[in-house]
Structures are given as structure tokens and as C-alpha cells.
Amino acid sequence: MGIHYNSESKTFHLKAKDTSYVLGILRDGYLVHYYWGKGISEYRNSNFLQFVDRGFSGNPYQQKNDRTFSLDTLPQEYPQYGNTDFRKPAYQVQLENGSTVSDLRYVSHAIYQGKAPLEGLPATYVEDAEEAETLEITIEDSLIGLKVILSYTIFEQFNAITRSVRFVNDGVQSVKLLSALSLSVDFREADFDFLHLHGAHVKERHIERKPLRHGIQSVESTRGGSSHQHNPFIALPRKGTTEDNGEVYGFNFVYSGNFLAQAEVDQFSNTRVTMGINPFDFSWKLDVGKSFQAPEVVMVYSSEGLGDMSRTYHELYRTRLVRGNYRDKERPILVNNWEATYFNFNEEKILEIAKAGSELGIELFVLDDGWFGKRDDDRSSLGDWFVDHNKLPNGLGSLSSNVKEMGLEFGLWFEPEMISVDSDLYREHPDWCLHVPGRSRSESRNQLVLDFSREDVCVEITKRVSDILASAPISYVKWDMNRHMTEIGSALLPADRQRETAHRYMLGLYMVMENITTSFPDVLFESCSGGGGRFDPGILYYMPQTWTSDNTDAVSRLKIQYGTSLVYPIVSMGAHVSAVPNHQVHRSTSMEMRGDVAMSGNLGYELDLTKLSNEEKEIVKQQVAYYKDIRRLIQFGDFFRLKSPFDGNETAWLFTNKEKTEVMVYYFRVLAEPAAPFAFLKLNGIDVNKQYQVTGTNNVYGGDELVYAGLSIPLDLHGDFQSHSWHLKEI
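Rules used in this analysis
- Residues numbered from 1 in each chain as written.
- Predicted model: local features only at pLDDT ≥ 70, side-chain atom pairs only at ≥ 80, totals over all residues.
- Heavy atoms only, no water.
- Helix = DSSP H or I, 4+ residues; strand = E, 2+ residues; numbered from the N terminus.
- Rg over C-alpha atoms; globule rule 2.2 N^0.38 Å.
- Buried < 20%, exposed > 50% of the residue type's maximum accessible area, 1.4 Å probe, protein only.
- Contact = heavy atoms within 4.5 Å.
- Areas by Shrake-Rupley, 256 points an atom, 1.4 Å probe, with all protein chains shown as cover.
- Lys, Arg positive; Asp, Glu negative; His and termini not counted.
- Charge placed at Lys NZ, Arg CZ, Asp CG, Glu CD.
- Polar contact = N/O pair within 3.5 Å; in protein donor to acceptor, adjacent residues only side chain to side chain.
- Pairing = 2+ DSSP bridges.
- Right-handed = clockwise from strand over helix to strand, strands pointing away.
- Axes fitted to C-alpha atoms, helices over the stretch in contact; angles between N-to-C directions.
- Parallel < 35°, antiparallel > 145°, perpendicular 65-115°, else oblique.
- Left-handed = near helix turned anticlockwise from the far one by under 90°.
- Nonpolar A, V, L, I, M, F, W, Y, C, P; charged D, E, K, R; others polar.
- 1 Å grid on protein atoms, 1.4 Å probe; cavity = no way out; pocket = protein on both sides within 12 Å on 5 of 7 lines; lining within 4 Å.
- Points joined across faces, edges and corners; volume = space filled by probe spheres on them.

A word on the overall build of the protein chain
- The helix and strand tally for the protein chain stands at 12 helices and 38 strands.
- Scaling as 2.2 N^0.38, a compact globule of 731 residues should have a C-alpha radius of gyration of about 27 Å, and the protein chain matches this with 27 Å.
- Taken along its principal axes, the extent of the C-alpha atoms in the protein chain is 85 × 70 × 45 Å.
- The buried share of the protein chain, taken over its 731 residues, is 61%.
- For the protein chain, the share of sequence-separated contacts (at least 6 apart) that also reach a separation of at least 24 residues comes to 69%.
- Of the accessible surface of the protein chain, which amounts to about 27,100 Å², a share of 47% is contributed by carbon and sulfur atoms.
- In the protein chain, the 74 positive side-chain charges and the 99 negative ones have mean positions that sit 3 Å from each other.

Below is the structure:
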């Protein structure tokens, strides 16, 4: 590992675990990109840049006598607008005279051990400076005094590089950032596919992979959250790259608001990847002496397929993004009352469900929406974070103490970012929501969005949530967010800063989350946004797990959890067994299949345990006991995808510990098939040199046999919606 600068060739060679990234300074201070890929011992310019006169690719002023040199054909590190590059730039500024042309050139660089935090923003981190090395390159537009600091961090133990950008106004007049993307990478080729995770509410993070084409392919959010519709992740796999073989480049934005992720293929089949805050409806006034910090992008390279890329993201995020007391702790098995009762509950009913959970070995009871204000439906009371004594006459303290006496921890649902029009808080402060003067205030789920760009709002909500958490023995919080932003404006911002509102909201939200999670370090926080509408690394920095989807149907969850695993660690995924027919898709699946799918994440239950038959209770009891035995393997092991639900009727995945001495395999079949062929499952990811025994049997197999020949799928899986699992241990 290391960052090496060759002063003679003016190149920077960044070496991570088994990855090299090479950039350099060319001619009049232009930053150019040479290589990113498999680690190389030394870069000697074998793939040197070649220059030729290209029609309609103009020449920058200093090179006007060399018609072969154009920014339009140059692979750049942080491209600009207005002086011969006609592709999309990485940033754009507007001066007081209205012009939008700028010209950044290399000024200096610094290399240091470790990784500095990003002020006010989530980011990956190191616990020891020796774990990483950082390069900071300063480029400047000397005419206007705008400095831009590009930061690159490489990790010793990961094939990962993080990038971020900071803008500093050292000039004599303010400038307006119209665009401030965090990353730009120019590939001198286009032989890739474009892979991303699309979806909708109750249908999150489905994998779509298409050939990269000329022009622009992009995914984005303009909703004020990272969204169910598109995740802030894209990848460029080589054509033919599979789970286990081939090159892939991954890009993940550590941010929870509006984003843009884009690949542009130009007329010469070069590919420019950019990622960052969505320029749509964004600007930032940068006054003299002020700076603007853009969020971080995590770039992962793999030469061993999509699976290796995923495992790099998983381990990096598990150990150097997630923080706090629960980072390395096993997560509890919970029961949530939402689908059991919705708003219709009282203290007696809650205690009945908790008692039933205790008898089944469940460890945590979570009281969902409806415990506060006058919240008998979703039309009122958001913002009034005070206990409804009609439902809970003895208060949260008594309820949580009674639950704890049953041997369970107690958790609580909040939606701190929202406000109901029918609430005391709204009646007191109608200007505290996002709104535009004179415009109607569009509601979604009968609620408005609090203006977290305002410090007074952030302070008050922090106090209200903190008061509740301090009032009772609460060990878990489900932090929900059930609508996206409309009429985005703030009563406190001047006219020339109104388009800063959405980003200032995110900065305020991060501040609130930082303050609350730091003040209550023993509380396990799980984020939620109508399920998985804000499943991103920005939130994971504050809250170590996320409710993966409001859709708890076992068949739907195969695609949702499979797609989520492309980037996000298994331990970050909340996965629950719910009642059938399922409340979202009205499908009935067996308790066994629902359990196997949910045990492939953080196991929980979301149904009325008091209504289960004795047979069902016994199944749940066995699932809970079994999951406790394999929980560390599932939550902290390495994950291998074996069969994709996007490719057919079957899904399979595998968990193994680092030593590959213990393995858990799950197989799922959606629909029964007449005259079906005999099938077997090859266990990629285990050690071919070890001997494994299938627990509960006398069957012993060599790892090589299991990898190359595979395990036969049992014939006794009758009917639709079937699952089977194998637990193997080295002997």
C-alpha cells in the first residue's frame, strides 16, 4: 500500500490492497487519469496518451498552436466547463457577472497517513492512521481565486478508494456553485455494462444490467431522499463479468439526499463516470473566505466478479463506516407490533404480544406507530412526541419495565423529520415545515416535512426525541421517514440561497442523528423510510441497520435482499417473518420459507404472536433458537450469491466465516415445475481443501466436491414457495 509521486513524470500512483489508481499532471497543470484497475508494481506509462487532431474538438488557449491537444479528448480527473471540453463537467460555477466558465489548474499536493473526517458529513474512517493513506491535490482558477481540493484515500486492507471534493473561495467576490459533484473518472474505453439498483416502494433495489451505450445513462433522485426508485450506486462490469469472474468498477455515494450517478460515452468511445449531489434544483452561494465540502464516494474495484466487489463493500462498511456500540455486536431478534395491530392497540394487547414473544425466545419488543399524541390513524400528531395516555395509561416507563421483566428489551418507533397539520407543533409553528410562500403545501400520508435546514427545528426535535429516550429503558429505535420533499423552501433562507435548502436539510439531519446517537450510545438505531427508501451509506454511518422494505412477502424479499446485498452488508438488513396472506401482495407462503428468508438478514417477526397455532409457535421457537446458533455467521460472515432470483425460478446464497470452517446455505424455489430436472447447487465460496459435515447427518464431503460437483437439491420440496437449508462444519 502507498501513494507514490514521481516528480519526473508528474504521476501519482495510488496502491490499495490489490488495486492501482494512477493520475498525473499534464502540460499547463491539467489533471489527467491514466489507469485504475488490478494492482501493478510500477507505472511506466505503457498506456501513454496519444494525441491527434479531432474535428470540432477545440484547443485550449495555451495550446492553441497544437491542434492535437483538446480537453474534449483528454481523460481528466475533475473536468470543467467552458474551455474545449464539451462533455458533462464535474462542477460548474457562476460568477457575479453571470458567466459560468472556469479553469482549474494544479497548484500543489500533500500526502499523509490516515484519513481526515468530513465536516458535518458521514464518511468512512480509520481507527489507526496506518490503515490508510490520503492524497490531497489543490487545483485553482487563479483568475477568480477558486481553489478545489481533491481528496483520495486508499485503504491497506481493501480494494477501495474514497474520493471527495472541497471548494474554497479565496477570491474577492462570491461565486455560486451550480454543480459540485464528488467524483469524476474518465475511462479510455466503453466496453462495459451499466448496472444499477432500481425499484419502488415495496419493490426496492432490483438489479438492472444493460450494455453501456453512447450518450448518457444515469440514475438519480430529486425526491429529497436517496429514494426507493434509485439507489446511489452504479457499477460498470465488463461484458461477461459474473459473480465470480471478471472486472467490475463500483461507485457508491455516501449521502442520503438528492444524487446523480451518470456514465457518458462520447464520440470516441471514452466513458466518463460522475457522481454527487444532483445539480437539479441545487446551488450554493460561496462567499469570500468560505468553503463547501462535497460528500464522499466509495469506489471499489474487483477483478474477481461482482461477488468480490460486494464483499469488499460489506466488510468496509461493517468495520469502517458503521460506528458505535453495536458495530460488532450481534443484533437482537425482535417482534414488531405494526402488522399485528397497526394503530389499534392498548397496553394490554402490547403486553400480550410481548409475553408471547418471550415464551418463544424473542429478545426485543418494538412498539411501532401510534403511541403518541392522538395518533389513532396517520392523519395527526407527528411532531407531538408525548405519550398517549389513553392507550398507555401507565406511560412508557411502566410499559417498558413490564416488557423487560418478561426478559425482552424494549424498542420504540419515531418519525422525527415529519409533522402533521393536525398537531400542536404545527399549530404553534406553521413555518417550521418546508414550504414556499403563497404556495399550497402538498401532503403525503397526511404529513409535511419539517425544515431541518433550520437550527431551531433541529434543536427542538433533538430535545423531544431525547426526552422520550431518557424517560424509559429504551434499547432500540426505529427511525422512520414516510414521504419525500415537495415545495422545497425555507422561511429562514434568503432568496439567493433557497436552492441550498435540500442539502442544508441533509446537513441538519446528520447533525440531529449525530447528537442523538451519541447521547444514547447503548440504543440500537434502525433507519427506515417507508421500508428501504433511504438505504444508503450516509444513514448507515449513524444507524447500523435499515428496515429493508415494507414488503415482508418471502418471495418478493428474495429479489429485494439479493439486490441490496450487491452493496450493503447482511447485518444492515432488517428482515421479518409476517402473517399470511401477506399484507402487501396477498400471497401465502409457508412459515418455513418465511423464516429461511428472514434468517438471511437480521431476523424479526411482524405479526400477532398471540394468534399463532401451537404448531406455528413451535416452528417460530425452533427458528429463533436456530438463528441464535448461526446469528454471528449470518450477520458477520462472508456472503456469496449462488443463484439469482432475477434469472429464474430459483435463488440460493451462502454464508461462511472468515476461516471457512462453518457454512450456511439457503436454497429457494418459487414455483413448482412439472417434470422438473434433477438439480444441484455448487457451493462457491467454501474451502476446496477442507472436509465438511452436514450438521444433523453423517454426510461428509470434501470442499472440492461441493464446489465442483455440488449438492443435490432434495426431491421432497413439494409445491410452490419451497426452501431448504444446509449447515456445514469442518471436521
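Observations regarding the side chain of E417
- Within the secondary structure layout, E417 lies in the loop between β23 (409–414) and β24 (418–419).
- Polar side-chain contacts of E417 include one of 2.8 Å to the side chain of W479.
- Reaching out from E417, the side chain makes a polar contact with the side chain of Y505 at a distance of 2.7 Å.
- When neighbours within four sequence positions are excluded, E417 is seen to be in contact with V449, L450, F452, W479, D480, M481, Y505, L509 and R534.

Observations concerning the pairing of strand β30 (residues 602–606)
- Most of β30 sits out of view: five of its five residues are buried.
- What you see with β30 is no split at all: N602, G604 and E606 on one side and L603 and Y605 on the other are buried throughout.
- Across two bridges, the pairing between strand β21 (residues 334–336) and β30 is parallel. Bridge pairing in β30 places L334 opposite G604.
- Judged from the five bridges that link them, strand β29 (residues 573–578) and β30 form a sheet pairing that is parallel. Paired with A575 across the bridge in β30 is L603.
- Crossover β29 to β30 through helix α10 (residues 591–598) is right-handed.

Points about the packing of helix α9 (residues 554–564) against α10
- Interaxial distance between α9 and α10 falls to 9 Å at its minimum, and their mutual angle equals 15 degrees. Judged by the inter-axis angle, α9 sits roughly parallel to α10. By crossing handedness, the relation of α9 to α10 is classed as left-handed. In contact with A554, V555, R557, L558 and Q561 of α9, α10 contributes M593, R594 and V597.
- Grouping the constituent residues of the contact of α9 with α10 by class yields five nonpolar, one polar and two charged.

What to know about the layout of surface pockets
- What the largest pocket holds in volume is close to 680 Å³.
- Broken down by secondary-structure element, the contributors of at least two residues to the lining of the largest pocket are β20 (296–302), α1 (305–320) and β31 (638–643).
- Per-element accounting of the lining of the largest pocket gives the leading share, six residues, to α1.
- Each residue belonging to the lining of the largest pocket can be placed in one class, and the counts come to five nonpolar, nine polar and 14 charged.
- Taken as a whole, the second largest pocket spans an internal volume of roughly 490 Å³.
- Around the second largest pocket, the lining is made up of 27 residues, and of these L118, E119, R166, F292 and Q293 lie nearest the centre.
- Sorting the residues of the lining of the second largest pocket by element identifies β7 (132–141), β8 (146–155), β9 (160–169), β19 (291–293) and α7 (501–519) as the ones contributing at least two each.

With respect to the environment of G98
- Along the polypeptide, G98 turns up in the loop between β5 (91–94) and β6 (105–113).
- Each C-alpha atom, one on G98 and one on P79, is 20 Å from the other, the two residues being 19 residues apart in sequence.

Notes on the sheet that holds strand β35 (residues 691–694)
- Taken in spatial order, the six strands make up an open sheet running β31-β32-β33-β38-β35-β36, and their pairing is antiparallel. The open sheet terminates on both sides in strands that have one partner only, identified here as β31 and β36 (700–702). When the angles between neighbouring strand axes are averaged without regard to direction, this sheet yields 25 degrees.
- As paired elements, strand β32 (residues 650–656) and strand β33 (residues 662–669) share seven bridges and run antiparallel to each other. Across the sheet, residue F655 finds its bridge partner in β33, namely M664.
- Here α9 sits on the sheet in contact with β31, β32 and β33, set at roughly 45 degrees to β32.

A look at the packing of helix α6 (residues 455–471) against α7
- Where α6 contacts α7, the two axes come as close as 10 Å, and the packing angle between them is 30 degrees. Here α6 is positioned roughly parallel relative to α7, judged by the angle of their axes. In the crossing of α6 with α7, the sense of the turn from one axis to the other is right-handed. Contact residues: α6 offers C458, T462, V465, S466 and L469, while α7 offers G508, M511, V512, N515 and I516.
- A class-by-class count of the residues in the contact of α6 with α7 yields six nonpolar, four polar and no charged.

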